[in-house]
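Here are the chains, one letter per residue:
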Amino acid sequence: MSNRDIIVIGGSAGATAPLKQILGALPADVPAAIFIVLHIPARGVGILATVAAAAGKLPVHQARNGMTFERGHIYLAAPDHHLLLSGHHIQLGRGPRENMVRPAIDALFRSAAVHHGPRVIGLVLSGLLSDGAAGLHAIKRCGGVAVVQDPADAISPEMPQRAMEATLTDLCVPGAGLGDVLSDLAREVPGDALPIAPDIRLEVEIAAGERIGSPNLTGIADPAALTCPACGGVLSALKDTHPTRFRCQVGHAYTADALAREQEGQVDEAMRVALRIIEERAELVRRMAADGRRAGRPAVAEMYELRATEYREYADMIRRAVLQSLDPAIR
């Protein structure tokens, strides 16, 4: 092709406003197909209407499996499916979630990089955590162009900031200027095609729903002493990646910050369960102490009373730890 004709856009919290600015600024004759992934609930509604209203001059479609895409059209990810490109068709993947989300931005970006290489323009908008960072790096590895919304301009600057840390971005632009930038980039001649790394291809296959298998995983990752929050399987650390990422044998994927966020919730829940068990234990031995007093066994009663006191102290310690995990200022 004579120009960069594939634009992939990903965003999360705070991405709606810049996305509206982008779509409103794109001309009707933009020579590229545009694909959008927003982190939306599995049964999210209203996003299609919002995007269609902002696009104005450009037709907007909910992505369907097997759909052929065209230049000058916008394709929005379907809820609970990875939006993938396969040649000149759209594929909806039911592979495992990445960073607890499906559709995932990384999945779209990788598939575009594999099938369209230097013709791809990737854009990461406002959002939390790191989705999009690894995918934007994949686009760069395959010869495409990497663009981010200026973190200073983003409501939630984490995603564009993590993308800038993960790869050498070509442009960092405030939301109001991104539409014109994308239009100009789409009219440029792409560079030479680069070899597609096997690890990028494998991760696209995983997003599509292919079985990962231990032999394939060991080729791209090393086992880590960590457990997958989704399925309880062993996580492996992907080799030579930034940001640090993990996958389990089923295929669930996490960046380090997303994994830490998920573990934080599990730790909080485990501490609350421990608190309940210790408080119940304290109540039980208190009743056993009372039974000892009534039975005229003061030594046994005293032993159980001491244990009840110890359990209450343990419970107080855990309660303070739970409160501090919610608000570190509490002492």
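Everything numeric in this text was worked out from a predicted model, so none of it was measured.

(A) Focus on the pairing of strand β5 (residues 82-86). Of all five residues in β5, four are buried; the element is thus mostly enclosed. By the bridge criterion, five bridges tie β5 to strand β6 (residues 89-93) in an arrangement that is antiparallel. Each bridged residue has a counterpart across the sheet, and for S86 the counterpart in β6 is H89. Taking the residues that link successive antiparallel strands as the turn, the β5-β6 hairpin has two residues, and the phi of G87 there is positive, at about 65°.

(B) Focus on the environment of K140. Inspection of the secondary structure puts K140 in helix α4 (residues 133-141). Note on K140: relative accessible area 23%, which makes it partly exposed. Separated by 79 residues in sequence, K140 and G219 place their C-alpha atoms 22 Å apart. Beyond its immediate chain neighbours, meaning those up to four positions away, K140 contacts A146, T167, L168, D170 and L194.

(C) Seen up close, the pattern of salt bridges. Applying the stated rule across the entire model yields 25 salt bridges. For R102, the salt bridge goes to D80, with nearest N and O atoms at 3.0 Å. With R102 in the loop between β6 and α3 (105-116) and D80 in the loop between β4 (74-76) and β5, this pair connects stretches of sequence that are 22 residues apart. Residue R102 shares its accessibility class with D80, and that shared class is buried. Salt-bridge contacts for R110 lead to E98; the nearest nitrogen and oxygen are separated by 3.1 Å. Within this pair, whereas R110 is found in helix α3, its partner E98 is found in the loop between β6 and α3, the two being separated by 12 residues in sequence. R110 gets classed as buried once you look at its relative accessible area, which sits at 2%. Exposure remark for E98: the relative accessible area of 3% places this residue in the buried category.

Rules and cut-offs
- Residues numbered from 1 in each chain as written.
- Predicted model: local features only at pLDDT ≥ 70, side-chain atom pairs only at ≥ 80, totals over all residues.
- Heavy atoms only, no water.
- Buried < 20%, exposed > 50% of the residue type's maximum accessible area, 1.4 Å probe, protein only.
- Helix = DSSP H or I, 4+ residues; strand = E, 2+ residues; numbered from the N terminus.
- Pairing = 2+ DSSP bridges.
- Contact = heavy atoms within 4.5 Å.
- Salt bridge = Lys/Arg side-chain N within 4 Å of Asp/Glu carboxyl O.

That's the geometry; what it means functionally is another story.
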